[in-house]
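Survey of secondary and tertiary structure
For reference, the chains in residue letters:
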2 protein chains.
Amino acid sequence: MTAVTSSSTLAADRSDELTLLGLVGQLELIAFTRLAADSAVAPALEQQLRLARFSAGAVARLERIFDRIRELGGSPQGAIARFSHVMDDFDLRTPSSNWSERLLKAYVGYGVADDFCKAAAAGLDDATCALVMETLDGTSHAELVVAELAAAGKDDAVLASRLALWGRRMVGEALGVVQSLVQSEPGLARLVADGEPAPADEANGGTYHIDAAARLFGRLTAEHTYRMERLGLTS
Amino acid sequence: MTAVTSSSTLAADRSDELTLLGLVGQLELIAFTRLAADSAVAPALEQQLRLARFSAGAVARLERIFDRIRELGGSPQGAIARFSHVMDDFDLRTPSSNWSERLLKAYVGYGVADDFCKAAAAGLDDATCALVMETLDGTSHAELVVAELAAAGKDDAVLASRLALWGRRMVGEALGVVQSLVQSEPGLARLVADGEPAPADEANGGTYHIDAAARLFGRLTAEHTYRMERLGLTS
């Protein structure tokens, strides 16, 4: 009987963790699809192949997330299905019209998504945290984008200013996605709040704290600024 | 001096082999892109995930083909670039209008392409032959299609007859691709002729023999008929 109780307590404790894993898994599935579509329209074979490899890499990361969900007793498909529409609004509002915009959209969008997932993973202190941090530590796609866009923007002030504007639109939309996620998913809000270094406000009953929100958005914006600087673009 | 001579003789001998590896590599890259696009529009998460895995699997196979091209002293990108337009006509002429047609198109198209590459690989008697046979031995995608379409067609005679017609169009177009490949790539024609059990016609100077062509198309058609039978459809 003790074993049953402790196992069901475990399951309850793990539900925020499973929520986060579901989000990370869905984002990997979306990354797979996007990167494959980018690969299909890449201007040269070199980029087509690199994007194909990144895309396949997202499937490999998805499998590791699935393994962890199973270890925790969750259903992989159930966990990711919950977030199947997470990027629909973002996509609807940000149709990219050329190759540079496509690259920048992925760079900014994945950047914010990864940073958010890492902030939530910081609320965990176990194998899942390590897995999420490691899964989202892929910098190769960013390097491709930096190599392509930094060079393009350097010689073309008009392009640089257009891309800077596009980057601002992208980050605004991406932060909007984060905003609605922390509002609609209390589990993610709890993880983000738990991951913040400041002590949790007990009076707030464990729900998402306004200071935690402010710190999260401050951090996401700072990371975005750093990413745009790498491209030589103003954020 | 002997070493240099034998190395350049080797390179000359290997050129048909590199041609075939280039074709197989390009077909894997195309399969990656197609399967990812199919995954993106799959009607359910289960199929979306399966197709994502097949798509990522094509990239893994592509890497093995690239390794072999490098071993033989060739350029992976150069080898596949030669075939970058191999499916353009096929695609232009066969826009699929729904999920069943999409699945069947891939099933028939990859089926014929794989059979052709295996027929050409039979003209080699080394590690490349084994690699190509093994690379193209993936039956998982076929199983997905059989499971989906056999069930769908069984309960719906109109759908079954429409798919049978679509299958006939697909195989006609696919055989057209093979036809233009053996005409435009003498190396592939040589390999197919060498792979045929009948003795080569020396008077024909090693070029593609009419009997070899007849046998090849006979075999490709027979394999196609078998594949359509698995779906319960007439070919």
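Heads up: the structure comes first, above all this text.
Overview of the structure. (Residues numbered from 1 in each chain as written. Chains lettered and ligands numbered in written order. Predicted model: local features only at pLDDT ≥ 70, side-chain atom pairs only at ≥ 80, totals over all residues. Heavy atoms only, no water.)

On to the relation of the copies chain B and chain A, then. Turning chain B through 180° and shifting it by 0.0 Å along the axis lays it on chain A, with an RMSD of 0.0 Å. Both chain copies can therefore be described as sitting about a two-fold axis. Looking at the rotation axis and the C-alpha trace of chain B, the residue lying nearest is alanine 56 of chain B, at 2.2 Å. Of all interface residues in chain B, 100% are interface residues in chain A too; the two copies therefore contact each other through one and the same surface. (Least-squares fit on C-alpha atoms with pLDDT ≥ 70 in both. Contact = heavy atoms within 4.5 Å.)

To continue, consider the packing of helix 3 (residues 45–71) of chain B against helix 8 (residues 140–154) of chain B. Residues and elements named next belong to chain B. Helix 8 packs onto helix 3 with a crossing angle of 155° between their chain directions and a minimal axis gap of 10 Å. As the angle between them shows, helix 3 and helix 8 are arranged roughly antiparallel. For the crossing formed where helix 3 meets helix 8, the hand is left-handed. Residues Gln47, Arg50, Leu51 and Phe54 of helix 3 lie in contact with helix 8, whose contacting residues are Ser140, His141, Leu144 and Glu148. (Axes fitted to C-alpha atoms, helices over the stretch in contact; angles between N-to-C directions. Helix = DSSP H or I, 4+ residues; strand = E, 2+ residues; numbered from the N terminus. Parallel < 35°, antiparallel > 145°, perpendicular 65-115°, else oblique. Left-handed = near helix turned anticlockwise from the far one by under 90°.)

On the chain A side, the residues contacting the 21 residues of chain B number 21 residues. When chain B packs against chain A, the two sides together hide about 1,700 Å² of surface, and 70% of this comes from carbon and sulfur. Our count for the contact surface shared by chain B and chain A stands at two salt bridges. Two residues, glutamate 63 of chain B and arginine 53 of chain A, come together in a salt bridge whose shortest N-O distance is 2.5 Å. Taken together, chain B and chain A are joined by four residue pairs in polar contact (both at pLDDT 80 or more). For the side of chain B that touches chain A, the secondary structure elements donating two or more residues are helix 2 (15–40), helix 3 and helix 4 (76–81) of chain B. Among the elements that line the side of chain B that touches chain A, the one with the most residues is helix 3 of chain B, at 12 residues. (Buried area = accessible area lost by both parts, 1.4 Å probe. Salt bridge = Lys/Arg side-chain N within 4 Å of Asp/Glu carboxyl O. Polar contact = N/O pair within 3.5 Å; in protein donor to acceptor, adjacent residues only side chain to side chain.)

Moving on, we come to the side chain of arginine 68 of chain B. Residue and element names in this part refer to chain B. Looking at the element boundaries, arginine 68 is found in helix 3. Polar contacts involving the side chain of arginine 68 include one to the side chain of threonine 128, which spans 2.7 Å. Apart from residues lying up to four places away in sequence, arginine 68 is in contact with Arg14, Glu17, Leu21, Asp126, Ala127, Thr128 and Leu131.

Counting residues in hydrophobic clusters, the biggest one holds 158 residues, and the most contacted among them are Phe116 of chain A together with Phe116 of chain B. Discounting chain neighbours no more than four positions away, the residues touching phenylalanine 116 of chain B are Leu23, Val178, Leu181, Val182, Leu188, Val192, Leu216 and Leu220 of chain B. (Core = buried A, V, L, I, M, F, W, Y, C linked by side-chain atoms within 4.5 Å. Buried < 20%, exposed > 50% of the residue type's maximum accessible area, 1.4 Å probe, protein only.)

Time to look at the environment of arginine 68 of chain A. Since its relative accessible area comes to 10%, arginine 68 of chain A is described here as buried. Between the alpha carbons of arginine 68 of chain A and leucine 18 of chain A there is a distance of 9.0 Å; along the sequence they are 50 residues apart.

A word on the pattern of salt bridges. This structure, assessed with the given rule, holds 32 salt bridges over all chains. The partner of glutamate 17 of chain A in a salt bridge is arginine 68 of chain A, and the shortest N-O contact between them spans 3.6 Å. Here the residue glutamate 17 of chain A occupies a position in helix 2 (residues 15–40), and arginine 68 of chain A occupies one in helix 3 (residues 45–71), the gap between them amounting to 51 residues. Both residues of the pair, glutamate 17 of chain A and arginine 68 of chain A, belong to the buried class. Two residues, aspartate 126 of chain B and arginine 68 of chain B, come together in a salt bridge whose shortest N-O distance is 3.4 Å. One end of the pair, aspartate 126 of chain B, is in the loop between helix 6 (99–121) and helix 7 (127–135); the other, arginine 68 of chain B, is in helix 3, with 58 residues separating them in the sequence. Classification of aspartate 126 of chain B by relative accessible area gives partly exposed; the value is 22%. In this structure, a network of salt bridges that share partners links the residues Arg14, Glu17, Arg68, Glu71 and Asp126 of chain A.

Another point: the environment of valine 41 of chain A. Residue and element names in this part refer to chain A. On the secondary structure map, valine 41 appears in the loop between helix 2 and helix 3. Note on valine 41: relative accessible area 46%, which makes it partly exposed. Each C-alpha atom of the pair valine 41 and asparagine 98 lies 9.9 Å from the other, and the pair is 57 residues apart in sequence.

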